[in-house]
Amino acid sequence: SIGLQGYSDDYVGYVSIIKEGIYGRNSYLIRSNPAPQAFTPIHLFYIVLGKIAKIFNLDAITTYHLARIFFASIFVYFTYKLFQKLIKDHNLSLLATLLAFFSAALSYPSLVSGTWTIKTLNFLNFSIVSPEKATDRPHYLLGACLFLIVMIKLLDIKQKTNKADLIIIAVCSLVLAL
């Protein structure tokens, strides 16, 4: 399939759901899968992407990849903003952001069945290629962005409390909980 990314069944499903949004539907049916399909908020996200695609006259594959680029950019930006909030220095925040996306997991030598191998400390799943993390499935990236927004706003609350920050935290948390 042209533009295939990630696990093929997921990719085909997400692109199919975007198509349903392009067709004007508010629910979805993966036409290549005859099994019953439960509706989840992840699918709503892709239907909304389909509705946006229709406005801009885009096909589902292009929309999927543009969403990856868009949310990846936002993810990197909010990662930088979180480091900036914590470090309070532009250059060090930029360096921390670059390290977060281009570094590999810590590794160590290990003897496995009589053969030396390199293992990674991947308990936080840092073993995945970091730039790939920043261009993964659009709904993963949206969730990561919402999480970073909550973290940044929680750090703001230490300095000042206002209703707008509390509303942003509540809405982002609600969407994450779905």
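Below: a short report on this structure. This one's a predicted model, so the numbers in the text were calculated from it and none came from an experiment.

**A look at the environment of Tyr-14**
Inference 1: Counting through the fold element by element, Tyr-14 comes out in helix α1 (residues 8-22).
Inference 2: Accessibility expressed as a relative area gives 10% for Tyr-14, which makes it buried.
Inference 3: Placed 46 residues apart in sequence, Tyr-14 and Ala-60 show a C-alpha to C-alpha distance of 8.9 Å.

**Looking at α1**
Inference 1: Taking 1.5 Å per residue as the helical rise, α1 with its 15 residues ought to reach 21 Å, and the 21 Å between its terminal C-alpha atoms agrees with that figure.
Inference 2: Within the sequence span of α1, burial applies to Tyr-11, Gly-13, Tyr-14, Val-15, Ser-16, Ile-17, Ile-18, Glu-20, Gly-21 and Ile-22.
Inference 3: The positive-phi residue at the C-terminal boundary of α1 is Gly-24, with phi of around 95°.

**Considerations on unusual backbone geometry**
Inference 1: One non-glycine residue, Asn-57, lies in positive phi territory at about 55°.
Inference 2: Mapped onto the elements of the fold, Asn-57 is located in the loop between α2 (41-55) and α3 (60-87).
Inference 3: What makes Asn-57 exposed here is its relative accessible area of 71%.

Reading guide: rules and limits
- Residues numbered from 1 in each chain as written.
- Predicted model: local features only at pLDDT ≥ 70, side-chain atom pairs only at ≥ 80, totals over all residues.
- Heavy atoms only, no water.
- Helix = DSSP H or I, 4+ residues; strand = E, 2+ residues; numbered from the N terminus.
- Buried < 20%, exposed > 50% of the residue type's maximum accessible area, 1.4 Å probe, protein only.
- Expected span 1.5 Å × (residues − 1).

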